[in-house]
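# Residue-level structural notes
Listed below are the residues making up each chain.
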Amino acid sequence: MKHSSALPLAWATLRILIILNWLFGGAILTLLIATMVAEQWTFTALGIPPSSQIRPMMTGLRAIAVLGLFAIPLNHAILRRLLAIVETVRRGDPFVAANAYRLHAIAWVLLALQLLSLVIGGIGKAISTPAYPLHLDAGFSASGWLAVILTFVLARVFAEGTLMRKELEGTV
């Protein structure tokens, strides 16, 4: 396992994703502020004419952006915990109680992200019109909910593995 290229690749990928997560958060925040501070300039820059019917949608789009900002620290929490898990695997000691707690926390954060996605999807459907349809990758996701369940189960597996390991060490 120590010679596997997957672990360094996973570590580097997670580090890059952490940076990208914050950059995307900054981009969302910048766009949100721009639409509130310099609304006319922003709409012109986006190619939205003053008489456009999309303007009433802006409140909903701003709400979606705010909710998107809530996703940034949630994603960060997942990525940092995954990075810590990868570190324990690199050290050759993944079945520790800390990883069980990390996976349990990841499962709760994934659940929060799924609920957030439902809210964002609902807002998207509410503000979408036939003239200006809004297509968001949000709402119910069977695979997202499956990931939540799987992560809760995996957290329990790690907790049981940790207990079994301690029992085994105590008998030797």
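The structure this text deals with has already been given above.
Notes on the structure in this doc start here. It should be emphasised that the depicted structure is a prediction, and the values quoted were computed from it without experimental measurement. (Residues numbered from 1 in each chain as written. Predicted model: local features only at pLDDT ≥ 70, side-chain atom pairs only at ≥ 80, totals over all residues. Heavy atoms only, no water.)

### Quick word on the overall build of the protein chain
Within the protein chain one finds five helices and zero strands. Scanning the protein chain from its N terminus toward the C terminus, one meets helices and strands in the order α-α-α-α-α. Scaling as 2.2 N^0.38, a compact globule of 172 residues should have a C-alpha radius of gyration of about 16 Å, whereas the protein chain reaches 21 Å, well beyond that. Overall, the C-alpha framework of the protein chain stretches about 80 × 25 × 25 Å when taken along its three principal axes. Per-residue burial for the protein chain yields a buried fraction of 32% across its 172 residues. Restricting the contact set of the protein chain to residue pairs at least 6 apart, pairs at least 24 apart contribute 75%. Element-wise, carbon and sulfur atoms account for 72% of the exposed surface of the protein chain, whose accessible area totals about 10,900 Å². (Helix = DSSP H or I, 4+ residues; strand = E, 2+ residues; numbered from the N terminus. Rg over C-alpha atoms; globule rule 2.2 N^0.38 Å. Buried < 20%, exposed > 50% of the residue type's maximum accessible area, 1.4 Å probe, protein only. Contact = heavy atoms within 4.5 Å. Areas by Shrake-Rupley, 256 points an atom, 1.4 Å probe, with all protein chains shown as cover.)

### With respect to the packing of helix H3 (residues 58-90) against helix H4 (residues 97-127)
One can describe the packing of H3 onto H4 by two numbers: an axis separation of 9 Å at closest approach and a directional angle of 160 degrees. As summarised for this structure, H3 and H4 are arranged roughly antiparallel, according to the angle between their axes. Seen from above, H3 lies across H4 with left-handed handedness. Residues that form the contact of H3 with H4 fall into these classes: 24 nonpolar, six polar and two charged. (Axes fitted to C-alpha atoms, helices over the stretch in contact; angles between N-to-C directions. Parallel < 35°, antiparallel > 145°, perpendicular 65-115°, else oblique. Left-handed = near helix turned anticlockwise from the far one by under 90°. Nonpolar A, V, L, I, M, F, W, Y, C, P; charged D, E, K, R; others polar.)

### Describing the layout of surface pockets
Estimated volume of the largest pocket: approximately 780 Å³. Around the largest pocket sit 29 residues that line it, and Ile 28, Ile 64, Gly 68, Ile 120 and Leu 136 are the ones nearest its centre. Those elements that place two or more of their residues in the lining of the largest pocket are helix H1 (6-37), H3 and H4. By residue number, the principal contributor to the lining of the largest pocket is H3, which donates 10 residues. Residue classes in the lining of the largest pocket are distributed as 20 nonpolar, seven polar and two charged. (1 Å grid on protein atoms, 1.4 Å probe; cavity = no way out; pocket = protein on both sides within 12 Å on 5 of 7 lines; lining within 4 Å. Points joined across faces, edges and corners; volume = space filled by probe spheres on them.)

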